[in-house]
Amino acid sequence: MANWQGCLGDIAVFSEESLSLSFGELPTQYQELLGKPTVTPLYHQGLIVVDGIDASRFLQGQLTCDVFKLEVGDSQPGACCNPKGRMLADFYLYRVSEHRYVLQLHRSLVAQTLEHLKKYAVFFKATLSDATEQFSLLGLCNCVKNLKDSDLHYSAVRNLDDGRQILLIDAIGTEISWQALSNQATPVGTEYWQLLDIQAGLGHIQSDTTDLFIPQMLNLQSVDAISFKKGCYTGQEVIARMKYLGKLKRHMYWITIPHMDSLPGPGAPCYLADSGQSIGNVVTAVRNGENDELLVVLTDEAISSAYLVIDGVRSEITKNDLPYSI
């Protein structure tokens, strides 16, 4: 991602295995960071550029969101699904010019999402490419003030409902923007940003969970990531049927559990304590102080239980209120 290793030098520790970075902060420090301005290089995210006079029409037929409503400079969440309505990736979509879009998604999904989309792009005047090295992404919390646009060389911005911002920055402006922001905000790593996503009820697909969930299981209908009026797109029939004719049996919930020896990975199975039948899967998990916080897709029966077996470990669970209605 725009050579973050070179930009950050020795002040950050990178993990290629988990596609994450850290500035040495500990989970026991997260609570005190919540009220402070922070800046996070979103090293775990990748980017796909879609260019061409047919880019809007092409994406409209592939994504759950209404691409035609997106003005230049705007952004919105959405998902890319297979014909069975299962999510291959979720993303933030930026319209950076009339015929140019950028999709932000987990870096582990860039190659396979490109391969999927290119099968349909051959019928349109649109080109797709991996743009992970052409841009950088910076996540801001508790908005940094008194900075001019000239200090931040961003091409687009995504404003999240919890007040955070994501800046899409040209690679050549990465170092200047980082210096301006890190002078006023505390640099923090990937896991802290993921904790904020969990508390905001924003579940994201990774390589281990691709093809596992339909969009409504991750509550995408609650965060304006699905249009039920735009017409046909890949997977639309299943997604619409679930809304109008079906009964969704699993939803995503935010739970807290006591500290586990090893955090469950994305896709880890969940069971009722007295049953061997799977009742859901972990979306993401992060440590926070003495506890672990998770987004999990569960049945309604399971979320009412006091205990769950998560990745083979029996845990007491506390259900937290999401910031939106399911």
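Being a predicted model, the structure only gives us computed values, none of them experimental. (Residues numbered from 1 in each chain as written. Predicted model: local features only at pLDDT ≥ 70, side-chain atom pairs only at ≥ 80, totals over all residues. Heavy atoms only, no water.)

Points about helix 4 (residues 110–121)
So, step 1. A rise of 1.5 Å per residue sets the reference length of helix 4, with its 12 residues, at 16 Å; its end C-alpha atoms lie 16 Å apart and thus fit the reference within 8%.
So, step 2. Every buried residue of helix 4 is accounted for by Val110, Thr113, Leu114, His116, Leu117 and Ala121. Each buried residue of helix 4 lies within a common arc of 165 degrees when the element is viewed along its axis, so the set occupies one face. Exposed residues lying more than 90 degrees from the buried face of helix 4 are Ala111, Glu115 and Lys119. (Helix = DSSP H or I, 4+ residues; strand = E, 2+ residues; numbered from the N terminus. Expected span 1.5 Å × (residues − 1). Buried < 20%, exposed > 50% of the residue type's maximum accessible area, 1.4 Å probe, protein only. Arc of directions from axis to C-beta.)

Structural notes on the pairing of strand 15 (residues 278–288)
So, step 1. The buried fraction of strand 15 amounts to 10 of the 11 residues, a majority that puts the element mostly inside the structure.
So, step 2. Sheet topology note: the strand 14 (residues 269–272)/strand 15 ladder contains three bridges and is antiparallel. Bridge assignment links Cys270 to a residue of strand 15, and that residue is Gly280.
So, step 3. Taken together, the eight bridges between strand 15 and strand 16 (residues 291–299) define a ladder with antiparallel strand orientation. Paired with Gly280 across the strands is Leu298, a residue of strand 16.
So, step 4. The hairpin formed by strand 15 and strand 16 contains two residues between the paired strands, and Gly289 there has a positive phi angle of roughly 65 degrees. (Pairing = 2+ DSSP bridges.)

Things to note about the pattern of salt bridges
So, step 1. Within the structure shown, the criterion is met by six salt bridges.
So, step 2. For Asp54, the salt bridge identified is with Arg57, shortest N-O distance 3.4 Å.
So, step 3. By relative accessible area, which is 13% here, Asp54 ends up buried.
So, step 4. Residue Asp162 pairs with Arg164 through a salt bridge whose shortest N-O separation is 2.7 Å. (Salt bridge = Lys/Arg side-chain N within 4 Å of Asp/Glu carboxyl O.)

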